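Below are the chains, spelled out letter by letter.
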Amino acid sequence: MNFEQTAKCIKESKPLDFGSIFSRSIELFKKVWLQGFLTLMLTFVLILPFYFLVYGPMLAAGISDPEMIGNEEMSPALTRAMVVLVPLFIAGVMTVSVALNSAFLRICMLKDSNSTEPDDYFYFFKAGRWKKSLMLGLIVLGLSLLGVALCGIGIFYFIVPISLMSAFYSFNENLSATEITKASFQLGNKNWLTIFGLIIVMGLVAELGIILCFVGILFTAMLSKIPVYFIYKDAMKNK
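In this report, we go over the structure that sits alongside the text. (Residues numbered from 1 in each chain as written. Predicted model: local features only at pLDDT ≥ 70, side-chain atom pairs only at ≥ 80, totals over all residues. Heavy atoms only, no water.)

Here we look at the pattern of salt bridges
Working step 1: What the rule picks out here adds up to seven salt bridges.
Working step 2: Across the pair Arg106 and Glu117 runs a salt bridge whose closest N-O atoms are separated by 2.7 Å. On the criterion of sequence distance, the pair formed by Arg106 in helix 3 (residues 76-112) and Glu117 in the loop between helix 3 and helix 4 (129-149) is long-range, its members being eleven residues apart.
Working step 3: Owing to a relative accessible area of 10%, Arg106 belongs among the buried residues under this scheme.
Working step 4: Using a relative accessible area of 36% as the deciding quantity, one classes Glu117 as partly exposed.
Working step 5: A salt bridge links Asp119 to Lys111; its shortest N-O distance comes to 3.6 Å. (Salt bridge = Lys/Arg side-chain N within 4 Å of Asp/Glu carboxyl O. Helix = DSSP H or I, 4+ residues; strand = E, 2+ residues; numbered from the N terminus. Buried < 20%, exposed > 50% of the residue type's maximum accessible area, 1.4 Å probe, protein only.)

Some thoughts on helix 1 (residues 3-12)
Working step 1: Those residues of helix 1 that sit buried are Phe3, Thr6, Cys9 and Ile10. What you see down the axis of helix 1 is that its buried residues fit within an arc of 120°, all on one side. Facing away from the buried side of helix 1 by more than 90 degrees, the exposed set consists of Glu4, Lys8 and Lys11.
Working step 2: On its buried side, helix 1 packs onto helix 5 (154-171), helix 6 (177-190) and helix 9 (226-235).
Working step 3: For helix 1, the N-terminal capping position is held by Asn2, with its side-chain oxygen 3.2 Å away from the main-chain nitrogen of Glu4. (Arc of directions from axis to C-beta. Contact = heavy atoms within 4.5 Å. Polar contact = N/O pair within 3.5 Å; in protein donor to acceptor, adjacent residues only side chain to side chain.)

A closer look at unusual backbone geometry
Working step 1: If you check the backbone angles, Asn114 has positive phi at about 60° while not being a glycine.
Working step 2: Structurally, the position occupied by Asn114 is in the loop between helix 3 and helix 4.
Working step 3: The class for Asn114 is exposed, based on a relative accessible area of 60%.

As structure tokens, then:
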């Protein structure tokens, strides 16, 4: 489905039902809690090398020149290295986050439809999809920084379209990164209050996992991502 068809579906879609999406998200979570946990663990594992990429040179510089630790300024060589490494770190982390979140939503769709297709956590790293994952990651970063720049208030507005981007990416690969962003804003603007409420309420419910000796949060954290799947499904049901 191209962008024009997607935009038409969004325009003709009915208002989202908060209660229905909330209850279905809880039911689907019972099927995908393990996949959510694995997605979270893979995220930690895959972004770890990017932390080494940034902190490795700093650690090496501190070992070779212990006096640098007490200085308020970094050495010129380390400063030049950080100028190169920090953007790579940010790009890498954002790419991994977008790709794995999108893969999790795709798994949610498979479980919801009782498909026997195997879970593929690396689907959005394959066949050149990582390039679009990178572009979307940078767009998310840009919107987040813009939201913070707007006295922090803007982030409350941007959180809705940012959350929807993984869904449009997961289920409509024909769209470009720019078109995915536009579609996310269109759907988000039409149902902003309902979607924002679902994100906040489901996020609070997901945090209840911390009660289980703090470890439980690892199993419940991805619950907050599931409503996005049903938001997309309900809005695009006429496609």
